[in-house]
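Coordinates in review
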Amino acid sequence: MTNEKTHRRARHLLGERSFTELNREDTAWLEQHLEACPECAGFAESVAQAITALRMSTAVAPPALVAATRRSVRIHARFLQQTESRERMLMLSCALAAIWGALLQPYLWRVIRWVAEGLHMPDPVWQATFVVAYLLPGIAAAAAFLGRRRTEDVASPGVSGRRTR
Amino acid sequence: MNAAAYCTEFRVEKDSSEIVRGLRRRDPELLDRLIEQYQHRLFRYLMFLMRDRSLAEDLFQETWLRVMERGGQYNSQWKFDVWLLAIARNLAIDQMRRRNRVVSIDLDPERDEQPFDAAHPRQPSTVDALIEAERQEQIASVLDRLPAYYREVLTLRFHEGMTLEEIAQVTGAPLSTVKSRLRRALQVLAQKLESMQS
């Protein structure tokens, strides 16, 4: 093995040793090499010092930042909880309305047909009236739901321009 | 499995499922507790990654808001810190993309506006301590010039004490990539330190 290859192997193993356990053979080879090679021994020292320094360096979250984060998280959590609870209520109302509508559908059909016969309306007209009358509440609820969501997206606190200090 | 290990594992599982339930409910008390517990680790990670205090502070807030918004997606198979740092990382990447920051070895001193706090010597009262402080500053300045993906694995491994598998989960990189990044990062760091000294 050429000298350069030997050094390269030593440096590779030195890196490896810092995060995993070397096998016995590699460990023995590396130790032997480090004893004989001051250059790689110096490199090993640098790696060790770098690791020590990494472990010692500090960066502490500023208390003001932490306090502001807690505040905005709380506000946003409350907002989302309220929104979700409103959405749940709305969904429940829509589901109930759909079931109610399905149950009433035959009666509504008969009522509209009876009124249409009294007024001598042509079949396509009163049937179209039935479809519109049947779908209108659902369309209105969906429109209200979408409109509310859009308003909430705009008003959501802490999402746009998140930084609140 | 011995009793102590079983107890620890049981506690970790209990904690994780408590976090899952709390995050689904968006429990503010739990979120407060999590912020308290992980504040420094998250901030340190972001400082290492971004090299900019103001950006790190923005991302710190955004990360916690995202944790609260996406809390329902957390599951107890993940360790909370791994999930938290993965969220922070994704936000940091978005931020870097938005700002078109180049993540590469950059020796431009103009960019070194405010490096993260350099390591502090424990006893700065002796000459040895002063020499050590100087050395720590050198290391901080070298670290500051490393590419973000090297700094990231270094901080996750040597600051946060994460296993290689956990680092792979946070970074979304294969284990072999994590290993080679760590090895390479240490080599670059050591080489730069050696050249500084010589």
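Everything below is about the structure printed above this text.
In short, a report on the structure. All values reported here derive from a predicted model rather than from experimental measurement. (Residues numbered from 1 in each chain as written. Chains lettered and ligands numbered in written order. Predicted model: local features only at pLDDT ≥ 70, side-chain atom pairs only at ≥ 80, totals over all residues. Heavy atoms only, no water.)

1. Examining the packing of aromatic side chains
Applying the stated criterion across every chain yields a total of 10 aromatic pairs over all chains. Summarising the aromatic geometry, the rings of Trp64 of chain B and Phe80 of chain B are spaced 6.4 Å apart at their centres and angled 25 degrees between planes, so their arrangement reads as stacked. In this pair, Trp64 of chain B sits in helix α3 (residues 53–69) while Phe80 of chain B sits in helix α4 (residues 80–99), placing the two residues 16 residues apart along the sequence. Phe80 of chain B carries the same exposure label as Trp64 of chain B, and that label is buried. Arranged with centres 5.7 Å apart and planes meeting at 80 degrees, the rings of Tyr74 of chain B and Phe80 of chain B form a pair that is edge-to-face. Three or more aromatic residues joined by ring pairs form one cluster here, namely Tyr38, Trp64, Tyr74, Phe80 and Trp83 of chain B. Above the ring of Trp29 of chain A, the side-chain terminus of Arg9 of chain A is found at 4.1 Å from the ring centroid. One cation-aromatic arrangement involves Arg11 of chain A over Phe43 of chain A; the distance from NZ or CZ to the ring centre is 4.2 Å. (Phe/Tyr/Trp six-rings, centres within 6.5 Å; stacked < 30°, edge-to-face > 60°. Helix = DSSP H or I, 4+ residues; strand = E, 2+ residues; numbered from the N terminus. Buried < 20%, exposed > 50% of the residue type's maximum accessible area, 1.4 Å probe, protein only. Lys NZ or Arg CZ within 6 Å of the ring centre and 35° of its normal.)

2. Points about the interface of chain A and chain B
Taken together, the 43 residues of chain A in the interface contact 52 residues of chain B. Between chain A and chain B lies a buried interface of about 4,500 Å² when both sides are counted; carbon and sulfur atoms form 59% of it. Viewed at the interface, chain B and chain A are joined by six salt bridges. Sorting the residues of the side of chain A that touches chain B by element identifies α1 (3–17), α3 (38–56) and α4 (63–119) of chain A as the ones contributing at least two each. Ranked by residue count, the leading element in the side of chain A that touches chain B is α4 of chain A, at 13 residues. A breakdown of the residues in the side of chain A that touches chain B according to their chemical character gives 19 nonpolar, 14 polar and 10 charged. (Contact = heavy atoms within 4.5 Å. Buried area = accessible area lost by both parts, 1.4 Å probe. Salt bridge = Lys/Arg side-chain N within 4 Å of Asp/Glu carboxyl O. Nonpolar A, V, L, I, M, F, W, Y, C, P; charged D, E, K, R; others polar.)

3. Quick look at the pattern of salt bridges
Taken as a whole and assessed by the stated rule, the structure comprises 18 salt bridges over all chains. For the salt bridge of Arg70 of chain A with Glu36 of chain B, the shortest nitrogen-to-oxygen distance reads 2.6 Å. Of the two residues, Arg70 of chain A is situated in helix α4 and Glu36 of chain B in helix α2 (residues 28–50); the pairing between them involves two chains. Residue classification places Glu36 of chain B among the partly exposed residues on the basis of a relative accessible area of 44%. Arg26 of chain B serves as the salt-bridge partner of Glu84 of chain A, at 2.2 Å between the closest nitrogen and oxygen. Here Glu84 of chain A is found in helix α4, whereas its partner Arg26 of chain B is found in the loop between α1 (3–25) and α2 on a different chain. Here the salt bridges share partners, and the residues they tie into one network are Arg70 and Arg74 of chain A together with Glu29, Asp32 and Glu36 of chain B.

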